[in-house]
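Summary of structural features
Here is what each chain is made of, one letter per residue.
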Amino acid sequence: MDRRALMGLGLAGAGLAATAVAAQAQDAGVLTVEGDGAGRFAAAIADIRAYAALHMGVYGLPGLTLSLAAPGGVGAQIRFGWSDPASRAPLTGDQLFQIGSISKSFTALCVFHLMEAGKLSLDQDVATLLPGAPLPPGATITVQNLLNHSSGLPDDAPLFPRGGDGRLWRGFEPGSQWSYSNLGFLMLGTIVERLEGRPLAEVIHQRILAPLGMNATRGSILTGDRGRYAQGHSPLYGDRGYPRAGPLGPGPWTDVTQGAGCVASTAQDMARYCRWLIAAGQGRGAPILSDAGAARFIKATIDAPGWAVGGSKYANGLAVVPVGGRMLLHHTGGMLAFNSALHVDPQAGVGAFASTNVGLAPYRPRDITAFACARLREAVEGGPKAAAAPAPPKPADVTPYLGGYVSRAGAILTVAAAPRGISVGVGEAAHEMEVVDEDAFIALSPEATAHPLVFRRADKAVVRVWWDGTEYVRAAGGRATTPFSPPTPHDLAALVGTYECDDPWHGSFRVTAQGDRLFVDEVNPLTPLADGTWRQGEKAWSPERIRFDAPLDGRPTRAIASGVDHLRRPVP
């Protein structure tokens, strides 16, 4: 599950400093190795361990748990850092980590059980399985469309959305595009519960966890189990971008029972799951599915150009991605206070799972699990030594942004190169910034400014920059060399503001104006549609919608973002 940010909570009244976290991570981690053939993999495990330790320091992670699976029953579990740095409580092997959207593969496996039992088919109309659900009119949405994110439904809308006519909507015809949808897996989990007549967590336990011996794993995230978890963390300042190794605070807690992200597990149990995925990729479905069912489960069914890695495809609750010239099973999971990743190479018979007790941050340990699989594969098959992705990543080329800019009021903004990106100066104030999105930068010190700095181009050349509602254009000798954008029309200016939801999964967002266009959080464009809603995103088929509502004195007091209420609140 990948949701919006929550305002960060303090840790004993202050943020957990990145330097303190890095200092806590200097040890090599606690290592447990199993299997008689472990010596064959000793060098690979040492390299993986060192690379994970590097991530701990570079990204300022409080803790990290990592499990490896290799042929011959060889496995390893490695733990770094702390469950709770404030009390210096170390991670332990029996602590739970929320695996986020990796849960989708568990929900999908429950659906495949129902298929093999003859209770549904993958090409069945979802409307027949969820009678009364306010599905959009028009083309049929099938179970397969939900399983591979090709339904056209929005990402995080509730099953019964607020606003408009109370019905769901779609951005494209089912099967014609790929767009990630947590809502689709909420529906799948609900279908499982209806057909099985019991909670999804019970079905996951009976159908998957018990047969695989994953006895520590939970199929639902409940407050009653909270003492079994590592202490989760999230960015201290949840209303702005999070820089690499930024300050952290204790993460919020919510119970999660829906099929998009309801599973919590230990590293050792996730190694067992990796071994089953390896077997499934080799044509063996027992003890969960038939061999034919397992083959169908892991088979890619659609291109997934929106995934983090180019050339990716999507199967059923699992992505299929290129690593080292081979397609691997893969998923990541982002929660309020945890981030996880999994890679499996069935051909080499290896797999890796990693999770860190930091959520709501732009970090997933996918580079660790990808490198782990590549390095273990080399130990199995030989070949050139695997190369890990650089950590930290290579800084972006900032040459196109450098130089001077001027505002309409004559203020000068200067952009210079800096070690992690750029340095931006206006008057006597200066901020170092790092890239957060294409042509967008955030401050290394998030307490200094909540606003990203966004460059805009014309014919590929950077010609202007927007920062905190002010436009600056290219300048020479203090004079503008590029025309300013047109003034913002009154009706658009009325929509500008900060809209907040007290549900931490949805958090807050800002609507800003840049000339005659509106943007969400300065980066994502809004486009008005005929039905009175606004489409969010560059693509014409984007399913994400915002509806401005409840006007007072011509200004909305509420924005309904993908079916969820966000109240307009004054902020400094």
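Scroll up a little and you will see the structure.
Residues numbered from 1 in each chain as written. Predicted model: local features only at pLDDT ≥ 70, side-chain atom pairs only at ≥ 80, totals over all residues. Heavy atoms only, no water.

What to know about helix H9 (residues 291–298)
Turning to H9, its buried residues are Gly293, Ala294, Phe297 and Ile298. Burial along H9 is one-sided: seen end-on, the buried residues are contained in an arc of 120°. Looking at the buried side of H9, the elements it contacts are helix H3 (103–116), helix H8 (267–281), strand E11 (319–323) and strand E12 (326–334). (Buried < 20%, exposed > 50% of the residue type's maximum accessible area, 1.4 Å probe, protein only. Helix = DSSP H or I, 4+ residues; strand = E, 2+ residues; numbered from the N terminus. Arc of directions from axis to C-beta. Contact = heavy atoms within 4.5 Å.)

A short note on the sheet that holds strand E30 (residues 555–561)
Pairing is antiparallel around the closed barrel formed by eight strands, whose spatial order is E24-E25-E26-E27-E28-E29-E30-E31. Adjacent strand axes in the sheet meet at a mean angle of 35° when their direction is disregarded. (Pairing = 2+ DSSP bridges. Axes fitted to C-alpha atoms, helices over the stretch in contact; angles between N-to-C directions.)

Here we look at the environment of Ala391
For Ala391, the position within the fold is in the loop between helix H10 (366–381) and strand E15 (403–407). Ala391 sits in the buried class, given a relative accessible area of 14%. In the structure, Ala391 is positioned 28 residues away from Tyr363 in sequence and 12 Å away in space, judged by C-alpha atoms. For Ala391, the residues in contact, after removing those within four places along its chain, are Tyr51, Leu54, His55, Val58 and Tyr59.

A word on the packing of H3 against H9
The interhelical angle for the contact between H3 and H9, taken along N-to-C directions, is 140°, at an axis separation of 11 Å. With respect to H9, the axis of H3 lies oblique. When the axes of H3 and H9 are compared, the crossing they make is right-handed. Residue-level contacts link Ser105, Ala108, Leu109, Phe112, Met115 and Glu116 of H3 to Gly293, Arg296 and Phe297 of H9. Class assignment of the residues belonging to the contact of H3 with H9 gives a composition of five nonpolar, two polar and two charged. (Parallel < 35°, antiparallel > 145°, perpendicular 65-115°, else oblique. Left-handed = near helix turned anticlockwise from the far one by under 90°. Nonpolar A, V, L, I, M, F, W, Y, C, P; charged D, E, K, R; others polar.)

Some remarks on the state of the cysteines
The full count for this structure, using the stated rule, is zero disulfides. The cysteine Cys262 is free of any disulfide, with Cys110 supplying the nearest cysteine sulfur at 8.4 Å. (Disulfide = S-S within 2.5 Å.)

Considering the pattern of salt bridges
With the rule as written, the count across this model stands at 22 salt bridges. Between Lys385 and Asp47 there is a salt bridge, with its nearest N and O atoms 3.1 Å apart. Here Asp47 lies in helix H2 (residues 42–58) and Lys385 lies in the loop between H10 and E15, a separation of 338 residues in the sequence. The closest approach of N and O atoms between Glu500 and Arg569, which form a salt bridge, is 3.2 Å. Linking Glu500 in strand E24 (residues 497–500) with Arg569 in the segment after strand E31 (564–568), this pair joins segments that are 69 residues apart in sequence. Residue Glu500 is classed as buried on the basis of its relative accessible area, which comes to 18%. Taking relative accessible area as the criterion, Arg569 reaches 28% and is therefore assigned partly exposed. (Salt bridge = Lys/Arg side-chain N within 4 Å of Asp/Glu carboxyl O.)

Brief notes about the packing of aromatic side chains
Applying the stated criterion across every chain, the model contains 21 aromatic pairs. Summarising the aromatic geometry, the rings of Tyr180 and Trp307 are spaced 6.3 Å apart at their centres and angled 50° between planes, so their arrangement reads as tilted. Linking Tyr180 in the loop between helix H5 (143–147) and helix H6 (182–196) with Trp307 in the loop between strand E9 (302–303) and strand E10 (313–314), this pair joins segments that are 127 residues apart in sequence. Residue Tyr180 shares its accessibility class with Trp307, and that shared class is buried. One aromatic cluster in this structure is built from Phe97, Tyr229, Trp253 and Phe338. Over the ring of Phe185 we find Lys104; its NZ or CZ atom is 5.8 Å from the centre of that ring. (Phe/Tyr/Trp six-rings, centres within 6.5 Å; stacked < 30°, edge-to-face > 60°. Lys NZ or Arg CZ within 6 Å of the ring centre and 35° of its normal.)

Topic: the nonpolar core
If you look at the biggest cluster of nonpolar residues, it comprises 78 residues, and the most contacted ones within it are Phe106, Met187, Tyr273, Trp276, Leu277, Phe297 and Leu342. Elements represented by at least two residues in this core include exactly H3, helix H4 (126–129), H5, H6, helix H7 (200–212), H8, H9 and strand E13 (339–345). At eight residues, the largest contribution of residues to this core is made by H3. Other than its neighbours up to four places away in sequence, Phe106 contacts Ile99, Ile204, Ile208, Leu209, Met214, Val263 and Tyr273. Grouped together as the second largest cluster of nonpolar side chains are 43 residues, Ile48, Leu61, Ile302 and Ile368 included. (Core = buried A, V, L, I, M, F, W, Y, C linked by side-chain atoms within 4.5 Å.)

Looking at the environment of Ser355
By secondary structure assignment, the location of Ser355 is in strand E14 (residues 350–356). Residue classification places Ser355 among the buried residues on the basis of a relative accessible area of 0%. For Ser355 and Arg240, which are 115 residues apart along the polypeptide, the C-alpha to C-alpha distance reads 24 Å. Setting aside its immediate chain neighbours within four residues, Ser355 contacts Gly63, Leu64, Thr65, Phe97, Gln98, Asn339, Ser340 and Pro365. At 3.4 Å, the side chain of Ser355 forms a polar contact with the backbone oxygen of Asn339. Reaching out from Ser355, the side chain makes a polar contact with the side chain of Ser340 at a distance of 2.7 Å. (Polar contact = N/O pair within 3.5 Å; in protein donor to acceptor, adjacent residues only side chain to side chain.)

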